Amino acid sequence: MSTARRPGRRPGTADTRGEILVAARKVFSEKGYDKATMRGIAREAGVDPALVHHYFANKEGVFAEALQLPVTPDVILPELLGAPRQELGERLVRLLLTVTSDPQAREPVIALMRSAMTNDQARETLREFMSSAMLFRVADALEVPHIRIEAAFAQMFGIIMARYVLRLEPIASADLEEIVELVGPTLQRYLDP
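This text gives an overview of the structure that appears in the document.

Each value, and the rule that gives it
Residues numbered from 1 in each chain as written. Predicted model: local features only at pLDDT ≥ 70, side-chain atom pairs only at ≥ 80, totals over all residues. Heavy atoms only, no water. Helix = DSSP H or I, 4+ residues; strand = E, 2+ residues; numbered from the N terminus. Expected span 1.5 Å × (residues − 1). Contact = heavy atoms within 4.5 Å. 1 Å grid on protein atoms, 1.4 Å probe; cavity = no way out; pocket = protein on both sides within 12 Å on 5 of 7 lines; lining within 4 Å. Points joined across faces, edges and corners; volume = space filled by probe spheres on them. Nonpolar A, V, L, I, M, F, W, Y, C, P; charged D, E, K, R; others polar. Bend = angle between axes of the 7 residues up to and from the residue. Buried < 20%, exposed > 50% of the residue type's maximum accessible area, 1.4 Å probe, protein only. Axes fitted to C-alpha atoms, helices over the stretch in contact; angles between N-to-C directions. Parallel < 35°, antiparallel > 145°, perpendicular 65-115°, else oblique. Left-handed = near helix turned anticlockwise from the far one by under 90°. Salt bridge = Lys/Arg side-chain N within 4 Å of Asp/Glu carboxyl O. Phe/Tyr/Trp six-rings, centres within 6.5 Å; stacked < 30°, edge-to-face > 60°. Lys NZ or Arg CZ within 6 Å of the ring centre and 35° of its normal. Patch = residues over 30% accessible without salt bridge, like charges linked within 9 Å, V, L, I, M, F, W, Y side chains within 5 Å. Areas by Shrake-Rupley, 256 points an atom, 1.4 Å probe, with all protein chains shown as cover. Lys, Arg positive; Asp, Glu negative; His and termini not counted. Charge placed at Lys NZ, Arg CZ, Asp CG, Glu CD.

This part covers helix α7 (residues 103–118). Spanning 16 residues, α7 covers 22 Å between terminal C-alpha atoms, matching the ideal 22 Å at 1.5 Å per step. Residues of α7 that are buried in the fold lie against α6 (88–101), α8 (120–142) and α9 (146–165).

Printed below as a string of structure tokens:
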């Protein structure tokens, strides 16, 4: 007895998740973060859009996994925004430096940062993701102007570049808590009302 195949997209296979990630990388690289959609990623992967939502809760999640980012906005934002406001600067420095202290977790972050400095599409994709998925959500939740959250991000972008790409001493070998103590108050100033 043969069963008739239902019309529409094919069902998931054993490696559907991997196929979706490959499709997502292609869609994000071609369209950028803002113009990429879950439906477009599903179309590129040749699967039902419900499968993309099954494996990845939202566009931020698929982006983070497709680019192998060590954390997603759904993880980092509640941790940041759940802290007492007067601890946000230190918490942000500690969180970002802890995440990037693991070489495997740091690799995709550094690759994305380097790509953004030399490739227009990579720069646009990183800018769109950081702005809409992370920075502006934090700024709006804290009720601070977007420019202030961008200044805090720029500070951390520079610290990560100096520490892991340029390997400037003594910041490259400084203890994490020393950097938290040094940079945390500066970031706190950006985040205070």
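Our next topic: the layout of surface pockets. Counted as a void, the largest pocket has a volume near 200 Å³. In this structure, the largest pocket is lined by Ala 116, Arg 123, Leu 126, Arg 127, Met 130, Ser 131, Leu 135, Glu 150, Phe 153 and Phe 157. Every element with two or more residues in the lining of the largest pocket is listed here: α8 and α9. Top contributing element to the lining of the largest pocket by residue count: α8, with 6 residues. Its residues placed into classes, the lining of the largest pocket shows 6 nonpolar, 1 polar and 3 charged.

To continue, consider helix α1 (residues 16–35). Helix length check: α1, at 20 residues, gives a terminal C-alpha distance of 23 Å against a target of 28 Å (1.5 Å per residue), a shortfall beyond 12%. Ser 29 marks the point of greatest bend in α1, at about 80°. Buried residues of α1: Thr 16, Ile 20, Leu 21, Ala 23, Ala 24, Val 27, Phe 28, Gly 32 and Tyr 33, and no others. Where α1 is buried, its residues contact α2 (38–45), α3 (49–55), α4 (59–66) and α8.

This brings us to the side chain of Arg 106. Take Arg 106: it is sitting in helix α7. Excluding residues within four positions of it along the chain, Arg 106 makes contact with Thr 100, Ser 101 and Tyr 164.

On to the environment of Gly 184, then. Summarising the element assignment, Gly 184 is placed in helix α10 (residues 176–191). Taking the C-alpha atoms as reference, Gly 184 lies 11 Å from Leu 95; in sequence the two are 89 residues apart. In this view, Gly 184 contacts Gly 89, Glu 90, Val 93 and Ile 179; residues no more than four positions away in its chain are not counted.

Bringing the packing of α7 against α8 into the picture now. It is the contact of α7 with α8, at a shortest axis distance of 6 Å, that shows an interaxial angle of 120°. Classified by the angle their axes make, α7 and α8 are oblique. Here α7 runs over α8; the crossing is left-handed. Residues Leu 112, Ser 115, Ala 116, Met 117 and Thr 118 of α7 pack against Asp 120, Ala 122, Arg 123 and Leu 126 of α8. The class makeup of the residues in the contact of α7 with α8 is 5 nonpolar, 2 polar and 2 charged.

Within this structure, the stated rule accounts for 6 salt bridges. For the salt bridge of Arg 17 with Glu 65, the shortest nitrogen-to-oxygen distance reads 2.4 Å. Within this pair, whereas Arg 17 is found in helix α1, its partner Glu 65 is found in helix α4, the two being separated by 48 residues in sequence. One salt bridge in this structure joins Asp 120 and Arg 123, with 2.1 Å as the shortest N-O distance. You can see Asp 120 and its partner Arg 123 sitting in helix α8, 3 residues apart, about one turn around the helix.

Scanning the entire structure with this criterion turns up 7 aromatic pairs. Here Tyr 33 and Phe 63 contribute two aromatic rings whose centre-to-centre distance is 5.2 Å and whose plane-to-plane angle is 80°, an arrangement assigned as edge-to-face. With Tyr 33 in helix α1 and Phe 63 in helix α4, this pair connects stretches of sequence that are 30 residues apart. An aromatic cluster is present here, built from Phe 28, Tyr 33, Phe 63 and Phe 129 joined pairwise through their rings. The ring centre of Tyr 33 lies 4.4 Å from the NZ or CZ of Lys 59, which sits over that ring.

Once that is clear, we can look at a positive patch on the surface. A contiguous patch of positive charge on the surface is contributed by Lys 31, Lys 35, Arg 39 and Arg 43. Listed by contribution, the elements that provide at least two residues to the positive patch are α1 and α2. Counting through the fold element by element, Lys 35 comes out in helix α1.

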